[in-house]
Amino acid sequence: MISFGTGGFRGIIGDDFTKSNIELIAQGLSNIINEQGNAKPIIIGYDNRFMSDFAARWFAQVLAANNIKSYVYTSSVPTPSVMSATRDLGNDYGVMITASHNPYYFNGVKIFLSQGYDADLEFTNKLEKYSKEVKTIKRMNIAQAKRQWLVQDYSNTNMYLSHIKMFISKGVLKNNNLKIIYDNMCGVGVVGLAQLAKELNIKQFDIIHGEHDAFFGFNLPNPTKEALNIDFKDKVVDGGYDFGLATDSDGDRLGVIDEKGNYVSNNEILACLYFYLVKHRGFEGDIVKNCATSIFVDKVANKLGYQCHEVDVGFKNITAGMKKYNALMGGESSGGLTVRGYLYGKDGVFSSGLFMEMVAAFKKPVSEIISNIKEIADYHHYFVEDFLPLGVDVNKVIEYLNNHQPKFSRKLIRYEHFARNFKFYFENDSWMLIRLSGTEPAFRIFVETEKKEDADICVGELKKYIENVQLEVEGGK
């Protein structure tokens, strides 16, 4: 079944991610384009995942048979590179073959609209409908398509990096003494970040897992605390590095390990970079976060005299919020951020560049930078997230959650429902969130309280409630 979630269409290779489904999506998009009478070409990129390069060609062959020109990358690239190209060339659509941070046995399709925006719900719903209504799939041999100039080779790494370098203060990085280790996680972030580090004259920039491995070493290609704590944190400490950077498989998420081997959360990355850009670079503007992101961001914004705006999960909601409020920055707890005037999407290479600049500017260890900004913002909370598998129908679960509010041991102040997210606000800036993942069958739990023991209690309450929800839904079949 073809269904687009918060991060596009994703499926298990050979199950939902198949040649026939890729062609259905391509034909559905072709039908939309031809109905609109649009003759602009389409950028098609792909990452290191198994069959990504083949899927890009399958997509291009269908477009060509429908007389739609496409520019196909000559090698794997980060997702933000495709977003950048879609914007730079003034195209109406871009396509990226990736399953982002999902396990190696997944793959998928991301669609971008004009100016490089993630496709919104209105468009993905339309594309789902058109794909399901396809009667005939048209195909043209890739060699023939190239002879007719309907498929052309493409690369934009230098242009993509030029946009990033426009935001980096090279004066701050001049004569830097940074010693950094970077875990590419066998993804495509290295395509941009290795060259960026060289052009920014980072004193020492060592790369691990820079090779192409469609299995990602059989590890989850996502720079989470669990993933980076396996052995990367030891490499940072044992090698005497100032910090370690890591990006996910398609290069749009960032993870950081500080000089002590501590995981730097994405909440901390977002809040600290925002503080740095406003306080030390002189930028102005509010910040936008999703509803699963820490109040550390809110407290920094308030301290700086600005406001933090909260939106639903999905980076398209972040960028829509940035546009609405003319915000300086937008980001989320899962590891993505962007800045006004850059891309309308998250970029791990871009945020890595900003992070390197910030550390060079402060001339302090990463752990000290984070501690100082927390003190300035008066942030003293504890943030935790957890996970439970979803074993029943997601729509029935959402319906149940809409009609059955859980009982908590603490007083509820406010309740908000953001599509697949159910958020509960309490005293002292504490909150809990139940999220139905849009990319995999799972519940995600987020809790932020004043004390660790309170967070543990809240997580236990949410887990028990979710277990009961699944039993109730299962029993109500």
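What counts and what doesn't
- Residues numbered from 1 in each chain as written.
- Predicted model: local features only at pLDDT ≥ 70, side-chain atom pairs only at ≥ 80, totals over all residues.
- Heavy atoms only, no water.
- Buried < 20%, exposed > 50% of the residue type's maximum accessible area, 1.4 Å probe, protein only.
- Helix = DSSP H or I, 4+ residues; strand = E, 2+ residues; numbered from the N terminus.
- Phe/Tyr/Trp six-rings, centres within 6.5 Å; stacked < 30°, edge-to-face > 60°.
- 1 Å grid on protein atoms, 1.4 Å probe; cavity = no way out; pocket = protein on both sides within 12 Å on 5 of 7 lines; lining within 4 Å.
- Points joined across faces, edges and corners; volume = space filled by probe spheres on them.
- Nonpolar A, V, L, I, M, F, W, Y, C, P; charged D, E, K, R; others polar.
- Pairing = 2+ DSSP bridges.
- Contact = heavy atoms within 4.5 Å.
- Axes fitted to C-alpha atoms, helices over the stretch in contact; angles between N-to-C directions.
- Core = buried A, V, L, I, M, F, W, Y, C linked by side-chain atoms within 4.5 Å.
- Salt bridge = Lys/Arg side-chain N within 4 Å of Asp/Glu carboxyl O.

Visitor: Sorry, what's going on with helix α3 (residues 79–88) here?
Guide: An α-helix turns once per 3.6 residues; consequently, residues spaced three or four apart project the same way. Across the 10 residues that make up α3, a large majority, nine, are buried. Among all positions of α3, only T79, P80, S81, V82, M83, S84, A85, T86 and R87 are buried. Positioned one or two residues after α3, G90 has a phi angle of 70°, which is positive.

Visitor: Help me understand the packing of aromatic side chains, please; the structure alone is not making it clear to me.
Guide: What describes a pair of aromatic rings is the distance from one ring centre to the other and the angle between the planes of the rings. Inspection of every chain in the model, using the stated rule, returns 22 aromatic pairs. Plain terms: the ring middles of F167 and Y342 are 5.8 Å apart, the flat faces sit at 75° to each other, and that makes the pair edge-to-face. Placement of the pair is F167 in the loop between α6 (157–165) and α7 (170–173) and Y342 in the loop between β17 (337–339) and α14 (348–362), with a sequence separation of 175 residues. The same class applies to F167 as to Y342, namely buried. Ring geometry for Y276 and F362: centres 5.7 Å apart, planes at 65°, overall edge-to-face. Residue Y276 is found in helix α11 (residues 266–279), and its partner F362 is found in helix α14; the two are separated by 86 residues along the sequence. For the pair Y276 and F362, one class covers both residues: buried.

Visitor: Would you take a moment to explain the layout of surface pockets for this structure?
Guide: Empty space among the atoms becomes visible once a probe the size of a water molecule is rolled across them. Volume-wise, the second largest pocket comes out at about 1200 Å³. In terms of lining, the second largest pocket is formed by 43 residues, of which the most central are S3, F4, G5, R420 and G438. Listing elements by their share of the lining of the second largest pocket, those giving two or more residues are β1 (4–5), β2 (8–12), β6 (106–113), β7 (117–118), α4 (121–132), α13 (315–325) and α16 (394–403). When grouped by side-chain class, the residues that make up the lining of the second largest pocket number 16 nonpolar, 14 polar and 13 charged.

Visitor: Is there a simple way to think about the sheet that holds strand β10 (residues 204–208) in this case?
Guide: Here five strands make up an open sheet; going across it, the order is β10-β9-β11-β12-β13 and the pairing mixed. The strands lining the two open edges of the sheet, one partner per strand, are β10 and β13 (263–264). Note that strand β11 (residues 243–247) and strand β12 (residues 254–257) share four bridges and pair antiparallel. Bridge pairing in β12 links T247 to L254. Docked against the sheet, helix α8 (residues 190–199) engages β9 (179–183) and β10, running at close to 160° with respect to β10.

Visitor: For this particular structure, what's the right way to read the nonpolar core?
Guide: A general tendency of soluble globular proteins is for nonpolar side chains to be buried together. Core analysis: the largest hydrophobic core is formed by 116 residues, its most contacted members being F59, L245 and M356. Looking at which element gives the most residues to this core, the answer is α11, with 10 residues. For L245, the residues in contact, after removing those within four places along its chain, are I180, I181, Y182, D183, F205, F232, L254, G255, V256, S352, F355 and M356. The next biggest cluster of nonpolar side chains, apart from the first, holds 25 residues, and it includes Y400, V459, L462 and Y465.

Visitor: How should the pattern of salt bridges be read in this particular structure?
Guide: If charged atoms from side chains of opposite charge come close, those side chains can pair. Tallying each qualifying case throughout the model produces 20 salt bridges. Note that K463 is salt-bridged to D386, the shortest N-O span being 3.0 Å. Of this pair, K463 sits in helix α17 (residues 452–475) while D386 sits in strand β18 (residues 382–389), and the two are 77 residues apart along the sequence. You can call K463 partly exposed: its relative accessible area is 25%. A salt bridge links K452 to D456, with the shortest nitrogen-to-oxygen separation between them at 3.1 Å. A residue pair is termed a helical-turn pair when its members lie 3 or 4 positions apart in one helix, as K452 and D456 do in helix α17 at four residues. Its relative accessible area of 40% is what places D456 among the partly exposed residues. Within the structure, one salt-bridge network assembled from shared partners comprises K110, D250 and D252.

Visitor: Quick question: what am I supposed to make of the pairing of β11 here?
Guide: Where a strand is regular, its side chains alternate between the two sheet faces. Across the five residues of β11, five count as buried, placing the element largely inside the fold. Relative to β11, β9 runs parallel, the two being bridged by four bridges. For D183, the partnering residue across the bridge sits in β11 and is A246. Hairpin remark: β11 followed by β12, antiparallel, with six residues in the connecting loop; positive phi at G251, about 75°.

Visitor: Would you mind showing me how to read empty space enclosed by the protein here?
Guide: Tallied over the entire structure, the rule returns two cavities of 30 Å³ or more. The space that makes up the second largest cavity amounts to roughly 40 Å³. If you go around the second largest cavity, the residues you meet are L254, N266, I269, L270, E332, G335, G336 and L337. For the lining of the second largest cavity, the per-class residue count stands at four nonpolar, three polar and one charged.

Visitor: What should I look at first to understand the environment of F123 in this one?
Guide: Along the chain, F123 turns up in helix α4. Residues F123 and V82, 41 residues apart in the sequence, show an inter-C-alpha distance of 18 Å. Setting aside chain neighbours within four positions, we find F123 in contact with L29, I32, Y93, I111 and L113.

Read these as layout, nothing more, since geometry by itself doesn't imply function.
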